[in-house]
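# Understanding the architecture of this molecule
Single-letter residue listing:
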Amino acid sequence: MERSRDCPFRPLKALNNNVLLAYDPASDQEVVLVGRGLGFQASGPLSRSDPRIEKVFRLDESRNRRQFLRLTETLSGDVIGVAEEILHLAAGRFGPPGEEAHLTLAEHLAATLDRVRQGMPIPNPFLAQIQLLYPEEYELAGQAVQMIADRLGVRLPEEEQGLLALHLLGMRRREPPKLVARHQAVIRESAQFLADEAGISWSDDDPRLARVLLHLRLAVELIVSGKGEANPLLDRIRSEYPDAFARARRLGDYMAERLDRPVSDDEVGYLALHLLRLKNLT
């Protein structure tokens, strides 16, 4: 017999005052409910139409659901709760997260909080790059940092705000954090390659760096998606500036290896143009 869609949620565990792990008889699985005061003294059945419920997160894949339930037993409920609140905040801006975000963000926050409480540094070589390339994610990560301070009494450093922004970027693109970090490394290393070839050095406020990073971000996105753009100047660049094209080809080969995607001559031509502009400005 089909279960009624009107049957109430059954509270299982309050993760914090605003996040509740509950059983949904309609789907015969656990769900995460987010809303102001939902976890405070939660005990009896909770109507599905309760006005406090702002979001219902479901983990439909059994493996993800098992891992999440395991996290609720091994990590602090406060940490998981604030992670779910952050995902709720991000969902309002970027749309619903992928299921694995519920696992990776909670685990990341738990490890970060341990480091901060022990006085250990949180290195982030991509901070300036993230601030420039992903301002929306970085701003939202700032709200997350404030939420963590309010809920847990721990003020995270700016470097961690940048790392949280990468998590939000991965959520937005449905990409795992490790893949997002790899792409950022490719962008940074490619920018350094261009600087070395042009005989210049970057500073974080260098407008040349900003232009190069913005192009490299777009280049990585196009290479990964396989949606390259035709370069109308390709033949001219290749014939008139063979040295710059050959150097850019080396960079393209590196990017192809790191991204596991081919890099077209059209894109190499654009990289060669950036190299020429940088050399002409030195």
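Throughout what follows, the structure given in this document is the object of discussion. (Residues numbered from 1 in each chain as written. Predicted model: local features only at pLDDT ≥ 70, side-chain atom pairs only at ≥ 80, totals over all residues. Heavy atoms only, no water.)

## Quick word on the layout of surface pockets
Of the volumes computed, that of the largest pocket is approximately 310 Å³. Breaking the lining of the largest pocket down by element, the ones donating at least two residues are α4 (127–133), α7 (177–198) and α8 (207–225). Residues belonging to the lining of the largest pocket are distributed by class as follows: 10 nonpolar, 3 polar and 4 charged. (1 Å grid on protein atoms, 1.4 Å probe; cavity = no way out; pocket = protein on both sides within 12 Å on 5 of 7 lines; lining within 4 Å. Points joined across faces, edges and corners; volume = space filled by probe spheres on them. Helix = DSSP H or I, 4+ residues; strand = E, 2+ residues; numbered from the N terminus. Nonpolar A, V, L, I, M, F, W, Y, C, P; charged D, E, K, R; others polar.)

## Notes on the packing of helix α3 (residues 101–117) against helix α6 (residues 158–173)
For the pair α3 and α6, interaxial distance at closest approach is 11 Å and the crossing angle is 170°. Comparing the axis directions of α3 and α6 gives the class roughly antiparallel. Judged by residue contacts, A101, T104, L105, H108, L109 and T112 of α3 engage E160, L163, L164, H167 and M171 from α6. Of the residues belonging to the contact of α3 with α6, the class tally is 6 nonpolar, 4 polar and 1 charged. (Axes fitted to C-alpha atoms, helices over the stretch in contact; angles between N-to-C directions. Parallel < 35°, antiparallel > 145°, perpendicular 65-115°, else oblique. Contact = heavy atoms within 4.5 Å.)

## Looking at the pairing of strand β2 (residues 19–24)
Counting buried residues in β2 gives 5 out of 6 residues, a clear majority hidden from the surface. The pairing of strand β1 (residues 10–16) with β2 spans 5 bridges and is antiparallel. Residue pairing in the sheet places R10 in a bridge with Y23 of β2. Between the antiparallel neighbours β2 and strand β3 (residues 29–34) lie 4 residues, among them D28 with a positive phi of about 60°. (Buried < 20%, exposed > 50% of the residue type's maximum accessible area, 1.4 Å probe, protein only. Pairing = 2+ DSSP bridges.)

## Considerations on empty space enclosed by the protein
Using the criterion set out here, one finds 1 cavity of 30 Å³ or more in the structure. What the largest cavity holds in volume is close to 60 Å³. If you trace the largest cavity, you find it lined by L21, E30, V31, V32, F57, R58, L59, R65, F68 and L69. Of all elements in the fold, only β3, β4 (55–58) and α1 (62–74) reach the threshold of two or more residues within the lining of the largest cavity. Broken down by class, the residue content of the lining of the largest cavity amounts to 7 nonpolar, no polar and 3 charged.

## Details of the sheet that holds β3
Sheet strands associate in pairs through backbone hydrogen bonding, adopting either a parallel or an antiparallel arrangement. Strand order across the open sheet formed by 4 strands is β1-β2-β3-β4, with antiparallel pairing between neighbours. The open sheet has two free edges, formed respectively by β1 and β4, since each of these has just one partner strand. The mean angle between the axes of side-by-side strands here comes to 30°, regardless of whether they run parallel or antiparallel. Across 4 bridges, β3 lies against β4 in antiparallel orientation.

## Considerations on the pattern of salt bridges
Taken as a whole and judged by the stated rule, the model has 23 salt bridges. One salt bridge connects E137 with R172, and the closest N-O pair in it is separated by 2.8 Å. Note that E137 is positioned in helix α5 (residues 135–152) and R172 in helix α6, a separation of 35 residues in sequence. Here E137 falls in the buried class, since its relative accessible area comes to 4%. Notably, a salt bridge pairs E221 with R217, separated by 3.8 Å at the nearest N-O pair. Of the two residues, E221 and R217 both sit in helix α8, 4 residues apart, roughly one turn of that helix. Overall, E221 belongs to the partly exposed group, its relative accessible area being 28%. The network of salt bridges with common partners includes R93, E136, E137, E139 and R172. (Salt bridge = Lys/Arg side-chain N within 4 Å of Asp/Glu carboxyl O.)

## A closer look at the nonpolar core
Counting residues in hydrophobic clusters, the biggest one holds 78 residues, and the most contacted among them are I86, L109, I148, L164, W202 and M255. When near neighbours in sequence (up to four residues on either side) are disregarded, I86 contacts L105, L109, A144, M147, I148 and L168. In terms of nonpolar packing, the next biggest core, distinct from the first, is built from 8 residues, L20, A22, V31 and L46 among them. (Core = buried A, V, L, I, M, F, W, Y, C linked by side-chain atoms within 4.5 Å.)

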